[in-house]
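One-letter residues, chain by chain:
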Amino acid sequence: MDNSKEKIVFQLRSLVVVRYFEIYKYLEEKTKNIFIEEVKNINGDLKNKLYFFYGGCANHSIDYSKNTLTMYDRKFNIEEDFHEFSFNQIIKICKNDRKIEKFNFNINSMQVKQEEFDFYSSCIKCMNMRNKLAHEVLRENFEDEDIIEILSDKNIEENVIIDLETLDIKLMDDTTKQIYSNLLYLNKIIMQLTSSNSLLEFIRGDEESKCLN
């Protein structure tokens, strides 16, 4: 591959990864905000479990010079909103009980009719990909546990975001296609979760109607 093609391949990867981190961060924030609002109306076993886990997640600090571990108290608060739970913790806790109705939805496959992916498993796969990218941006290939669905070249060409309009997307390598596929599904998840329009701008067509088909 000549230098000009290598440059485009690198640019494609860079732009897709940047957008992936941006949209993923937005999903984290929206999910946490919805969780904080919804737990106000939760009682019973799930609420007890949340208090139990929250107490176990109390902060601690290590003073290496004094060989000291300090644990911080977490006072019981009947109005607790559990805001210190991470996105990862929220997904894994709520996945088992499915008491947060706003999280109980599926997204349609962009590629296979009648196939659907549930919110929780989709978030976990996007989370896995994000964590691996954070440690190795130029890694080669992801596992099935990291990818919701690998889109065909045709589906990718029909869903090109504005950020890539000056580049030849036919030069997108296989790993970038994996990331881009998850990026499009991240967008679909947020649209359904928040009942809002697409966060991504596309070169052709109305992505809101395209995603919901």
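Structural notes, computed from the coordinates.

## Quick look at the packing of helix α4 (residues 119–135) against helix α6 (residues 174–194)
Move 1: Running from N to C, α4 and α6 point in directions that differ by 135°, and their axes come no closer than 11 Å. As the angle between them shows, α4 and α6 are arranged oblique. Between α4 and α6 the crossing geometry is left-handed. In this structure, α4 uses F119, S122, K125, C126, M129 and L133 to contact α6, whose residues at the interface are Q178, I179, N182, L186, I189 and L193.
Move 2: Looking at the contact of α4 with α6 residue by residue, the classes come out as eight nonpolar, three polar and one charged.

## Focus: helix α2 (residues 45–56)
Move 1: With 12 residues, α2 should reach 16 Å at 1.5 Å per residue; the first-to-last C-alpha distance of 17 Å fits that figure.
Move 2: Listing the buried residues of α2 in full gives L46, K47, L50, Y51 and Y54. Taken around the axis of α2, the buried residues stretch over an arc of 140°, which confines them to a single face. With respect to the buried face of α2, the exposed residues turned more than 90 degrees away are D45, N48, F52 and G56.
Move 3: Buried positions along α2 lie against α1 (3–38) and α3 (87–97).

## Describing a nonpolar patch on the surface
Move 1: Nonpolar side chains collect at one region of the surface, where F10, V137 and L138 lie side by side and expose about 280 Å² of accessible area between them.
Move 2: Relative to the helices and strands, F10 is located in helix α1.

## Brief notes about the packing of aromatic side chains
Move 1: If you walk through the whole model with that rule in mind, you get 10 aromatic pairs.
Move 2: With a centroid separation of 5.7 Å and an interplanar angle of 90°, the aromatic rings of Y24 and F87 are classed as edge-to-face. A residue pair is termed long-range when its members are at least 10 positions apart, and Y24 in helix α1 and F87 in helix α3 qualify at 63 residues. When sorted by exposure, Y24 lands in the same class as F87, which is buried.
Move 3: Pairing F35 with F85 gives two aromatic rings, centres 6.3 Å apart and planes at 70°, and the pair type is edge-to-face. Separated by 50 residues along the polypeptide, F35 in helix α1 and F85 in the loop between β2 (68–71) and α3 bring together distant segments of the chain.
Move 4: Among the aromatic residues, those joined into a cluster by ring pairs are F35, Y51, F82 and F85.
Move 5: Just above the ring of F142 sits the side chain of R139; from NZ or CZ to the centre is 4.9 Å.

## Some words on the pattern of salt bridges
Pairing between side chains becomes possible if they bear opposite charge and their charged atoms approach one another.
Move 1: One pass over the full model with this rule turns up 13 salt bridges.
Move 2: Note that E145 and K132 form a salt bridge whose closest N and O atoms lie 3.2 Å from each other. Here the residue E145 occupies a position in the loop between α4 and α5 (153–157), and K132 occupies one in helix α4, the gap between them amounting to 13 residues.
Move 3: For K132, a relative accessible area of 22% gives the class partly exposed.
Move 4: Where K132 meets D146, a salt bridge forms, and the shortest distance between an N and an O atom there is 2.8 Å. With K132 in helix α4 and D146 in the loop between α4 and α5, this pair connects stretches of sequence that are 14 residues apart.

## Comments concerning unusual backbone geometry
Move 1: Located in the positive-phi region is Q114, a residue other than glycine, with phi close to 75°.
Move 2: For Q114, the position within the fold is in the loop between β3 (106–108) and β4 (116–118).
Move 3: Positive phi is not limited to glycine here, since N141 has a value of about 70°.
Move 4: When you line up the elements, N141 lands in the loop between α4 and α5.
Move 5: Classification of N141 as partly exposed rests on a relative accessible area of 39%.

Cut-off values and rules
Residues numbered from 1 in each chain as written. Predicted model: local features only at pLDDT ≥ 70, side-chain atom pairs only at ≥ 80, totals over all residues. Heavy atoms only, no water. Axes fitted to C-alpha atoms, helices over the stretch in contact; angles between N-to-C directions. Helix = DSSP H or I, 4+ residues; strand = E, 2+ residues; numbered from the N terminus. Parallel < 35°, antiparallel > 145°, perpendicular 65-115°, else oblique. Left-handed = near helix turned anticlockwise from the far one by under 90°. Contact = heavy atoms within 4.5 Å. Nonpolar A, V, L, I, M, F, W, Y, C, P; charged D, E, K, R; others polar. Expected span 1.5 Å × (residues − 1). Buried < 20%, exposed > 50% of the residue type's maximum accessible area, 1.4 Å probe, protein only. Arc of directions from axis to C-beta. Patch = residues over 30% accessible without salt bridge, like charges linked within 9 Å, V, L, I, M, F, W, Y side chains within 5 Å. Areas by Shrake-Rupley, 256 points an atom, 1.4 Å probe, with all protein chains shown as cover. Salt bridge = Lys/Arg side-chain N within 4 Å of Asp/Glu carboxyl O. Phe/Tyr/Trp six-rings, centres within 6.5 Å; stacked < 30°, edge-to-face > 60°. Lys NZ or Arg CZ within 6 Å of the ring centre and 35° of its normal.

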